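Here is what each chain is made of, one letter per residue.
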Amino acid sequence: MLHLFAFSRMGVWSRFTTFFTNPGCMKASDLPKEFRDVGIMSGYRKPDMPVRLYLRSLFQFHNETLNVWTHIASCLFFVYYAAIVSRDIDLLREENAPLLCLLITSCLFPFGSALAHLFNSMSVVSRHVCFMIDYFTISLYAYGACAANKVYAIPVSWRGSYFENYFMSAMFFNCVITVVVSCYTRFLPVTRETKILRLSAFVMPYVFGMLPCMHRVLHCEDFDSCYGAQFYKQHFIDNLFTIVFYGGHVPEIFFPGVFDIFFHSHQIFHVVVVIATWHHLKGIVIDSITRPANHLSLLAVSPIWLLLLLTLINLITVIHFSIKMSDIKKKQSQKNG
């Protein structure tokens, strides 16, 4: 009986350890260039596995594990923060629609990124499509942040100006172009110029959308509430670190193979992005409470409806480029075959 009990326990333990065992981790040298990351030498999941194995890999150690979990945790944190905010602010009131828009997109973009990192190893096509979806959700967040900036963060001296009147229209156009350009770069060779072009597609709307916050940090008027500007300042400091980690691939570029599973640049980048997002959110919430005459900056059309329109346009863009990518890869496969 003792032997049977021991055998049974070994069987349970074996199944338990098998579940958490990495499903066919591979080295960078064994994969096509599309799957490789700078300075990450191992821990890559095997392509062309069943979907259930990629879902199981959520609980296994590989070089995307913390990329996924940092954004799952971020999504849950922002949902929790939205619930806290809703206790003190009626988010269903018209003047609070921009804040609701920002809270929704703050939960959405980490969820989109988590999905992208979970399934990007399935195939070359799925990798491209996953990150197109990632770009799509980031553009929605950029628009949500811009809508909140217009209503709550814009300096008093800018109210009624041409900048305020055309701010959201320009940002809407920016967010559409961002998705088009970033998706288009997936078809170009992986070069430094391509990465700069893709990064520029996100930097330009970010800088434009955050101009009200930048002005508040640098030139906060005496007759205006400056408390929220403290958090905008911290937000900008946080984003300086994101540039270092995202663009510089620190620390793995200096120690290739050492940070394959834990603490490589993209994991740190995710954490800093979330902190920066939270600081911006905190500043917006404070401004929505403390700054006067917010209703003068309300959008003519509810930002929720504009967000839905942007979602539809960018979703069509992602579907178009996804189909195009699938067709190109299929023709290449047939030609090679």
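Please refer to the structure higher up on the page.
Per chain, residue numbering runs from 1 following the sequence as it is written. Local features in this predicted model are restricted to residues whose pLDDT is 70 or higher, and side-chain atom pairs enter the listing and the counts only when it is 80 or higher, whereas totals over whole chains, interfaces and linings include all residues. Side-chain measures were taken over the full set of non-hydrogen atoms in the model, leaving aside hydrogen atoms and water.

S.K.: Would you take a moment to explain the overall build of the protein chain for this structure?
M.R.: Each helix corresponds to a stretch of at least 4 residues labelled H or I by DSSP, and each strand to a stretch of at least 2 residues labelled E; elements are numbered beginning at the N terminus. Along its length, the protein chain carries 11 helices and 0 strands. Secondary structure elements of the protein chain, listed N to C terminal, follow the sequence α-α-α-α-α-α-α-α-α-α-α. Buried means the residue's accessible area, taken with a 1.4 Å probe over protein chains only, is under 20% of the maximum for its type, while exposed means over 50%, and partly exposed covers the values in between. Taken over 337 residues, the protein chain has a buried fraction of 46%. In the protein chain, 74% of the contacts between residues at least 6 apart in sequence involve partners at least 24 apart. A total accessible area of about 17,700 Å² is found for the protein chain, and carbon and sulfur atoms account for 70% of it. By definition in these notes, contact holds between two residues if any of their heavy atoms fall within 4.5 Å. For every accessible area listed, the method is Shrake-Rupley and the probe measures 1.4 Å; residues are considered covered only by the protein chains on display.

S.K.: When you look at the pattern of salt bridges in this model, what are you seeing that I'm missing?
M.R.: Close approach of charged atoms allows side chains of opposite charge to pair. Any Lys or Arg side-chain nitrogen found within 4 Å of a carboxyl oxygen on Asp or Glu counts as a salt bridge. Per the counting criterion, the structure on display carries 4 salt bridges. In this structure, Glu 34 and Lys 329 form a salt bridge, with 3.9 Å as the shortest nitrogen-oxygen distance. You can see Glu 34 sitting in the loop between α1 (2-20) and α2 (51-56) and its partner Lys 329 sitting in helix α11 (residues 303-336), a full 295 residues away along the chain. Taking the relative accessible area as the measure of exposure, Glu 34 reaches 32% and is therefore partly exposed.

S.K.: Where do I start with the packing of aromatic side chains in this structure?
M.R.: Each aromatic ring pair is described using two quantities: the centre-to-centre distance and the angle formed by the ring planes. Between 30 and 60 degrees the pair is tilted, below 30 it is stacked and above 60 it is edge-to-face, where a pair is any two Phe, Tyr or Trp rings, Trp via its six-membered ring, whose centres lie within 6.5 Å. Per the counting criterion, the structure on display carries 18 aromatic pairs. Considering the side-chain rings of Phe 167 and Phe 208, the 5.3 Å spacing of their centres and the 40° angle between planes classify their relative orientation as tilted. Placement of the pair is Phe 167 in helix α6 (residues 162-184) and Phe 208 in helix α7 (residues 192-209), with a sequence separation of 41 residues. The exposure class of Phe 167 is buried, given its relative accessible area of 0%. Seen from their ring centres, Tyr 246 and Phe 269 are 4.9 Å apart, and the 40° between their planes marks the pair as tilted. Of the two residues, Tyr 246 sits in helix α9 (residues 227-248) while Phe 269 sits in helix α10 (residues 265-290), which places them 23 residues apart along the sequence. For Phe 269, a relative accessible area of 18% translates into the label buried. Members of the aromatic cluster, each reached through a chain of ring pairs, are Phe 77, Phe 78, Tyr 81 and Trp 278.

S.K.: How do you make sense of the packing of helix α5 (residues 124-153) against α7 when you look at a structure like this?
M.R.: When two helices pack together, their arrangement is given by the angle between their axes and by how far apart the axes lie. Relative to each other, α5 and α7 sit at 15°, their axes nearing to 9 Å. In terms of their interaxial angle, α5 and α7 are classed as roughly parallel. The handedness of the crossing between α5 and α7 is left-handed. Residues Tyr 135, Ile 138, Cys 146 and Asn 149 of α5 touch α7, and the partners they reach there are Arg 198, Phe 202 and Gly 209. Each residue gets one label: Ala, Val, Leu, Ile, Met, Phe, Trp, Tyr, Cys and Pro are nonpolar, Asp, Glu, Lys and Arg are charged, and the others, such as Gly, are polar. In terms of residue class, the contact of α5 with α7 is made up of 4 nonpolar, 2 polar and 1 charged. Fitted lines through C-alpha atoms give the axes, limited to the stretch in contact for helices. The angle between two N-to-C directions lies from 0 to 180 degrees. An angle counts as roughly parallel when it lies under 35 degrees, as roughly antiparallel when it exceeds 145, as roughly perpendicular when it falls between 65 and 115, and as oblique in every other case. A clockwise turn of the near helix away from the far one marks a right-handed crossing, whereas an anticlockwise turn of less than a right angle marks a left-handed crossing.

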